Amino acid sequence: EIQKCGNLCLKLHCTVQCNSVMFSLQIVSAKTLVKPLSHPRFKDCGKISITAIETGGSHEMATFKFEGANLDKKDLLGKSDPYYELGRQNPDGTFTTVYRSETIMSTLNPRWKSHEIIVKRLCYNLPFQPIMFSCFDHDDDGSHDFIGYFTTTLAELRSRSSNTITWELINPRRAHKKNYKNSGTVKLIDCHIDKTYSFLDYIMGGLQINCTIAIDFTSSNGDPQTSKSLHYIGAAEGNQYQLAWENIGHIIQDYDSDKYFPAYGFGGALPPHGQVSFEFALNGNADDPMCAGVNGVMEAYKMALLNVGLSGPTNCAPMIRHVSRLAVSAAQSRTAQNYYVLLILTDGQFTDIYDCIGAIVEASDYPMSIIIVGVGNADFTDMERLDADRKVLQHNGRKASRDIVQFVPYNAYRHMPTSLPGAVLAELPRQVEEYYQ
């Protein structure tokens, strides 16, 4: 007979996709999550331990370099313009192209450039999964001529470390002809497979994510005493700034071992003389801006609303450079690894957008990411520009070394708040991997 010993109410919060695997950050950050079981009639029902394990095999990057010899001549007035494709076998036996090389013009003996491909993409990390090498003659009209193919495996490619491998290209349409031998040969010149690390590898290896909060205190938010204000302090369920932070903060704090956050405001007029500051501590203590957990930041924010006047302009470059200096120190330190995240909550465009771009380009060299959450209904066109998904940021001729900004409009997730943290943190795993790799 099975008897019920207790219940567990476990909220997995929001999940973040990393290398096609979904994980609860609360479980991952703790490696093993221990929760007590509860029962309406008994006090001590024991505990349950939940451990997260990343599936999908190892994280490896393969680098290949091929050269061809004596390929079939396909052009009437020339030789051939060869390129090749690598195909991964599908469960139904067909092949999907996962890589296409550059075209080498007018040659029957091409030497293609080396290229990298994730092993998981090439063959699902399965050493004996068939991989198809197909060679073509490029035609400008798109009717590329098939030269030949062969199949291999990752295990065979790995053996290149001790042997030179040469394959014959076979064209099935010509294979039955008398005296047909092959349509050329392909030699593997170089092959090495290197271990790469995922975001979860870094987190479980001890990487600390340090999140700094920066909240917009400019007058465009409206008087906090009025219900139309984005900072309205009388909202029963909380204003947009509070709701955004509450949803995001509960996820971010699971990265942080001590769960203390430095929390700042920018664009506010400080007492007693109304001097405008672009990096003031929400708790009023410039020497120790740390706030204990999500609730600590919330309480400091409420206190700041009662003491700090809303002003402007909306200059954010000082906050970006403030956190960037911490990231520079972390990059130069030989102690435990630290990665810095600046979470900016703002109601509109940055007045110092050009200076912000410069600060972001500088920060891209260091262990730092910037997350911007736009609240309200303002025009956020410039924020989309900072989120350089389509075009790399540049400043004074210098390009950012990587994309470190993620912008999310709060209103797009206002009616599905549980999806907000996933959108906010969507790019963070990749940004961490790109920095350390």
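Quick caveat: nothing in here was measured; it's all calculated off a predicted structure.

The rules behind these values
Residues numbered from 1 in each chain as written. Predicted model: local features only at pLDDT ≥ 70, side-chain atom pairs only at ≥ 80, totals over all residues. Heavy atoms only, no water. Pairing = 2+ DSSP bridges. Helix = DSSP H or I, 4+ residues; strand = E, 2+ residues; numbered from the N terminus. Axes fitted to C-alpha atoms, helices over the stretch in contact; angles between N-to-C directions. Phe/Tyr/Trp six-rings, centres within 6.5 Å; stacked < 30°, edge-to-face > 60°. Buried < 20%, exposed > 50% of the residue type's maximum accessible area, 1.4 Å probe, protein only. Polar contact = N/O pair within 3.5 Å; in protein donor to acceptor, adjacent residues only side chain to side chain. Contact = heavy atoms within 4.5 Å. Core = buried A, V, L, I, M, F, W, Y, C linked by side-chain atoms within 4.5 Å. 1 Å grid on protein atoms, 1.4 Å probe; cavity = no way out; pocket = protein on both sides within 12 Å on 5 of 7 lines; lining within 4 Å. Points joined across faces, edges and corners; volume = space filled by probe spheres on them.

Chemist: Summarise the sheet that holds strand E6 (residues 82-89); cite the residues concerned and give the values.
Modeler: Strand order in the open sheet formed by 4 strands is E7-E6-E9-E10, with antiparallel pairing between adjacent strands. In this open sheet, the two edge strands, each paired with only one partner strand, are strand E7 (95-100) and strand E10 (145-152). Pairwise comparison of adjacent strand axes, ignoring direction, gives a mean angle of 30 degrees for this sheet. Here 7 bridges tie strand E9 (residues 131-137) to E10, and the two strands are oriented antiparallel to one another.

Chemist: Please give an account of the packing of aromatic side chains that cites residues and values.
Modeler: Within this structure, the stated rule accounts for 22 aromatic pairs. Summarising the aromatic geometry, the rings of Phe-66 and Phe-133 are spaced 5.1 Å apart at their centres and angled 65 degrees between planes, so their arrangement reads as edge-to-face. With Phe-66 in strand E5 (residues 60-69) and Phe-133 in strand E9, the pair connects residues that are 67 residues apart, well separated along the chain. Take Phe-133: its relative accessible area is 1%, and that puts it in the buried class. On the basis of an interplanar angle of 5 degrees and a centroid distance of 4.6 Å, the ring pair of Phe-150 and Trp-167 is categorised as stacked. Pair noted here: Phe-150 is in strand E10 and Trp-167 is in strand E11 (residues 165-168), with a separation of 17 residues, a long-range link. The exposure classification of Phe-150 matches that of Trp-167, with both residues buried. One aromatic cluster is present, built from ring pairs that chain together Phe-64, Phe-66, Tyr-84, Tyr-99, Trp-112, Phe-133, Phe-150 and Trp-167.

Chemist: How would you explain the sheet that holds strand E16 (residues 275-277) if you had to name every residue and give the values?
Modeler: Pairing in this open sheet of 3 strands is antiparallel, and the strands run E16-E15-E19 from one edge to the other. The strands lining the two open edges of the sheet, one partner per strand, are E16 and strand E19 (309-310). Summarising the sheet, strand E15 (residues 268-270) and E16 pair through 3 bridges and their orientation is antiparallel. Directly across from Gly-268, in E16, lies its bridge partner Ser-277.

Chemist: Let's hear about the environment of Gly-284: which residues, and what values?
Modeler: Mapped onto the elements, Gly-284 comes out in the loop between strand E17 (280-281) and strand E18 (290-292). Note on Gly-284: relative accessible area 66%, which makes it exposed. A C-alpha to C-alpha distance of 9.3 Å links Gly-284 and Tyr-264, two positions 20 residues apart in sequence.

Chemist: Please provide a residue-by-residue account of the side chain of Asn-210, values included.
Modeler: With respect to the helices, strands and loops of the structure, Asn-210 is situated in strand E13 (residues 208-216). At a separation of 3.0 Å, a polar atom in the side chain of Asn-210 contacts the side chain of Asn-338. Residue contacts for Asn-210: discarding those within four places in its chain leaves Asp-256, Asn-338, Tyr-339, Tyr-340 and Val-341.

Chemist: Lay out the nonpolar core in plain terms, naming residues and giving numbers.
Modeler: In terms of nonpolar packing, the biggest core is built from 46 residues, with Phe-217, Trp-245, Leu-282, Leu-343 and Val-373 touching the most fellow members. Here this core takes 7 residues from helix H6 (residues 293-307), the largest share from any one element. Core analysis: the second largest hydrophobic core is formed by 34 residues, Tyr-264, Phe-266, Ile-372 and Phe-380 among them.

Chemist: Explain the pairing of E9 to me, using residue names and the numbers behind them.
Modeler: Taken across its 7 residues, E9 has 6 buried, putting it largely inside the fold. Relative to E9, E6 runs antiparallel, the two being bridged by 7 bridges. Its bridge partner being in E9, Gly-87 is matched across the sheet by Met-132.

Chemist: Give a description of empty space enclosed by the protein that names residues and reports values.
Modeler: If you walk through the whole model with that rule in mind, you get 2 cavities of 30 Å³ or more. If you add up the space inside the largest cavity, you get close to 40 Å³. Looking at the largest cavity, the residues that line it are Phe-64, Phe-66, Leu-86, Ile-131, Phe-133, Phe-150, Thr-152 and Leu-157. Among the secondary structure elements, those contributing two or more residues to the lining of the largest cavity are E5, E9 and E10. By volume, the second largest cavity is sized at about 30 Å³. What lines the second largest cavity is Ile-215, Tyr-241, Gln-242, Trp-245, Val-297, Met-298, Tyr-301 and Leu-345. Elements with a minimum of two residues in the lining of the second largest cavity: helix H5 (240-252) and H6.

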